[in-house]
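Residue strings, one per chain:
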Amino acid sequence: MTKFSRVILFCFLPLLSVSQPKTPFVSYDFKSDTLYQKKLIDFKSKEDEQSTNILKSIAEWSYHYKDWETAIDHYEKLVVLAPLAENYFMLGVAAARRSLEVSRFFSVPYVVKARKYVLQAHELQPQKLTYLNLLIQLYAEIPPFLGGSIDLAKKKLNELMVLAPLEGMMMQAYLYGVNRDFDAAASKYMEVFRHLEKTYVDHQDIFLDLKRNFIFDLGRSAAVFKIKSDIALAAINHYIHNYSFTDNYPLEWAYYYLSKIYFYDNQFNEAQVSIKKALEIKPDFDEGIKFLNQFKLE
């Protein structure tokens, strides 16, 4: 896998939350980005459907800028010439992300593609954690008539637990959430935090070992399940302070979860500062407005 590809990998579905909508992914107006459009036109002027290098360049460039249709089109051509696990995976993720941008009716072909190609990537590299994590989420979230299966998700979870116990615990908590067993989910997340506390003396060392999505999910899970954890607080602050274009989750949502963590820890001033930062970024942020009004933080 290229360095560029490692940087821009996305996971498909955020962890299930209790009594609130799922955290959205960052969107991007690539049509208004002149740099992106100019470079894309330049790439396409050299396009040769028999050239894996050009196809890969277009696929990666469009993927990076969240132009999912262009990415899908070129990864589909690329996997014919270069049927590598990485290419199948990137195609699956692009299809998954596109499925979230269209209506439920029009999302069906993208969902089917997502499961198909992520499964192919996993079959080629069965111990690749990124592929396995996403496959579990897809099996758990996709309806059975489109190829989803909670039983297969649990089977793959067992494989993940052997390869990476910590990620396995997080995924197990996620599956509890899918099944709406929120008490079990909260208990498993608390187990994750206890494990991290025992393993790492310095919280910053944790963030050297974990992926950005995982770091965000630590903060989100604590906020959603009202878990008091210094690690969760450090995690979401780390995500905020190191935020970049390649991150998956919007910055206002990170501040929103940070505010909730502070609030449930009775740090009301910090909670107020954080939720107002979220609303500075996105004044029409409904969840932030509701939270601000609900707890009368103004």
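Each value, and the rule that gives it
Residues numbered from 1 in each chain as written. Predicted model: local features only at pLDDT ≥ 70, side-chain atom pairs only at ≥ 80, totals over all residues. Heavy atoms only, no water. Helix = DSSP H or I, 4+ residues; strand = E, 2+ residues; numbered from the N terminus. Rg over C-alpha atoms; globule rule 2.2 N^0.38 Å. Buried < 20%, exposed > 50% of the residue type's maximum accessible area, 1.4 Å probe, protein only. Salt bridge = Lys/Arg side-chain N within 4 Å of Asp/Glu carboxyl O. pLDDT = per-residue confidence, 0-100. Contact = heavy atoms within 4.5 Å. Expected span 1.5 Å × (residues − 1). Phe/Tyr/Trp six-rings, centres within 6.5 Å; stacked < 30°, edge-to-face > 60°. Lys NZ or Arg CZ within 6 Å of the ring centre and 35° of its normal. Polar contact = N/O pair within 3.5 Å; in protein donor to acceptor, adjacent residues only side chain to side chain.

## A word on the overall build of the protein chain
Point 1. Within the protein chain one finds 16 helices and zero strands.
Point 2. Here the protein chain has a C-alpha radius of gyration of 20 Å; the compact-globule value for 298 residues is 19 Å, and the two agree.
Point 3. Projected onto its principal axes, the C-alpha coordinates of the protein chain cover approximately 60 × 45 × 40 Å.
Point 4. Here the protein chain, with 298 residues, has 53% of them falling under the buried criterion.

## Notes on the pattern of salt bridges
Point 1. For the structure shown, the criterion picks out 15 salt bridges.
Point 2. The partner of Asp73 in a salt bridge is Lys77, with the nearest N and O atoms 3.5 Å apart. With Asp73 and Lys77 both in helix H4 (residues 68-81), this residue pair falls four residues apart, about one helical turn.
Point 3. One salt bridge connects Glu159 with Lys156, and the closest N-O pair in it is separated by 3.2 Å. Taken together, the residues Glu159 and Lys156, both in helix H8 (residues 150-163) and three residues apart, mark about one turn of the helix.
Point 4. Ionic contacts of the salt-bridge type, sharing partners, join the residues Glu47, Asp73 and Lys77 into one network.

## Focus on the confidence of the model for the protein chain
Point 1. Across the protein chain, the average pLDDT comes to 90, with 91% of residues at 70 or higher.
Point 2. With pLDDT under 50 throughout, residues 1-20 is counted as low confidence; its partners more than four residues away or in other chains account for 77 contacts.

## Focus: helix H7 (residues 129-141)
Point 1. End to end, H7 covers 18 Å across 13 residues, agreeing with the expected 18 Å (1.5 Å per residue, within 8%).
Point 2. Burial within H7 is extensive, with 11 of its 13 residues counted as buried.
Point 3. For H7, every residue scored as buried is listed here: Thr130, Tyr131, Leu132, Asn133, Leu134, Leu135, Ile136, Gln137, Leu138, Tyr139 and Ala140.
Point 4. At its buried positions, H7 is contacted by helix H5 (85-99), helix H6 (104-124), H8 and helix H9 (165-178).

## Some points on the packing of aromatic side chains
Point 1. A full pass over the atoms with the stated rule returns 28 aromatic pairs.
Point 2. Ring geometry for Tyr256 against Phe291: centres 6.0 Å apart, planes inclined by 85 degrees, an arrangement best described as edge-to-face. Of this pair, Tyr256 sits in helix H14 (residues 251-264) while Phe291 sits in helix H16 (residues 286-294), placing them 35 residues apart in sequence.
Point 3. Both rings, one in Phe263 and one in Phe291, keep their centres 5.8 Å apart while their planes meet at 75 degrees; by these two values the pair is edge-to-face. On the criterion of sequence distance, the pair formed by Phe263 in helix H14 and Phe291 in helix H16 is long-range, its members being 28 residues apart.
Point 4. Given a relative accessible area of 2%, Phe291 falls into the buried group.
Point 5. For Arg220, the ring lying beneath its charged end belongs to Tyr249, and the centroid distance is 4.9 Å.

## Observations concerning unusual backbone geometry
Both trends apply: most residues other than glycine have a negative phi, and most peptide bonds are in trans.
Point 1. A positive phi angle, close to 60 degrees, is found at Arg180, a residue other than glycine.
Point 2. Structurally, the position occupied by Arg180 is in the loop between H9 and helix H10 (182-199).

## Considering the environment of Ser107
Point 1. As for its placement among the helices and strands, Ser107 is situated in helix H6.
Point 2. Accessibility expressed as a relative area gives 10% for Ser107, which makes it buried.
Point 3. The spatial distance from the C-alpha of Ser107 to the C-alpha of Ala96 is 8.8 Å, given a sequence separation of 11 residues.
Point 4. Within the structure, the side chain of Ser107 is placed 2.7 Å from the backbone oxygen of Arg104, a separation counted as a polar contact.

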